[in-house]
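Below, each chain spelled out in residue letters.
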Amino acid sequence: MQYVWGGGHETDFGPSIGICDGYGGSITPCPADKEVGLDCSGFARWLYWRAGAGDIGQTTKDQVVNPRFTKVTAATAIPGDLVFFGGSAATVHHVGVYTGTVNGVAMMVNAPQTASYVRDDTIASHSDLLGYYHLTG
């Protein structure tokens, strides 16, 4: 699935046409309003909806403060937990889905940026890990 800024934020869950409002990507002009796909929070939202968890929130900022999530340590994180990046909940800017460790390296499935596709990445590929969050309710 292709990364698209603002993709996955329609009333229906899943890939959608993106938006250019707030776009800060490196490709200009903004291609999002002509492409179908998911951004990072749209991807996490779609996966959780498909897994039967309902709507976890539209944006990364909505998801990180969702009271159904509890912050857990890396040692207690389990595959499927969300991994947020940013200095705080107020400045969170990215989310991935933890998939476990491979040869001791923490991994996530990730919709990283414009012109990329959903892929496996190391958690260390982002330098500002906020934490792991587990759905509790």
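Residues numbered from 1 in each chain as written. Predicted model: local features only at pLDDT ≥ 70, side-chain atom pairs only at ≥ 80, totals over all residues. Heavy atoms only, no water.

Trainee: An account of the pairing of strand E5 (residues 94-102) is needed here, citing residue identities and associated values.
Mentor: In regular strands, side chains alternate between the two faces of the sheet. Bridge count for strand E4 (residues 82-85) against E5 is four bridges, and the pairing is antiparallel. When the bridges of E5 are listed, Leu-82 appears paired with Val-97. Across five bridges, E5 lies against strand E6 (residues 105-110) in antiparallel orientation. Across the sheet, the residue bridging to Tyr-98 is Met-108, located in E6. Between the antiparallel neighbours E5 and E6 lie two residues, among them Asn-103 with a positive phi of about 55°. (Pairing = 2+ DSSP bridges. Helix = DSSP H or I, 4+ residues; strand = E, 2+ residues; numbered from the N terminus.)

Trainee: Run through the sheet that holds strand E3 (residues 69-72), naming residues and quoting values.
Mentor: A sheet is described by the order of its strands in space; here six strands give the open sequence E3-E8-E4-E5-E6-E7, paired in antiparallel fashion. Only two strands of the sheet have a single neighbouring strand rather than two, namely E3 and strand E7 (119-122). This sheet shows a mean twist of 40° between the axes of neighbouring strands, independent of strand direction. Sheet topology places E4 next to strand E8 (residues 129-135); four bridges connect them, and they run antiparallel. Bridging from a neighbouring strand, Phe-85 pairs with Leu-129 of E8. (Axes fitted to C-alpha atoms, helices over the stretch in contact; angles between N-to-C directions.)

Trainee: So what's going on with the state of the cysteines? Which residues, and what values?
Mentor: Under the counting rule described, the total for this entry stands at one disulfide. Covalently, Cys-20 is tied to Cys-30 through a disulfide, its sulfur atoms 2.2 Å apart. Disulfide Cys-20-Cys-30: the torsion about the S-S bond is -90°, which places it as left-handed. Taken together, the residues Cys-20 in the loop between strand E1 (16-17) and strand E2 (36-37) and Cys-30 in the loop between E1 and E2 connect sequence positions 10 residues apart. Judged by relative accessible area, which is 26%, Cys-20 ranks as partly exposed. (Disulfide = S-S within 2.5 Å. Buried < 20%, exposed > 50% of the residue type's maximum accessible area, 1.4 Å probe, protein only.)

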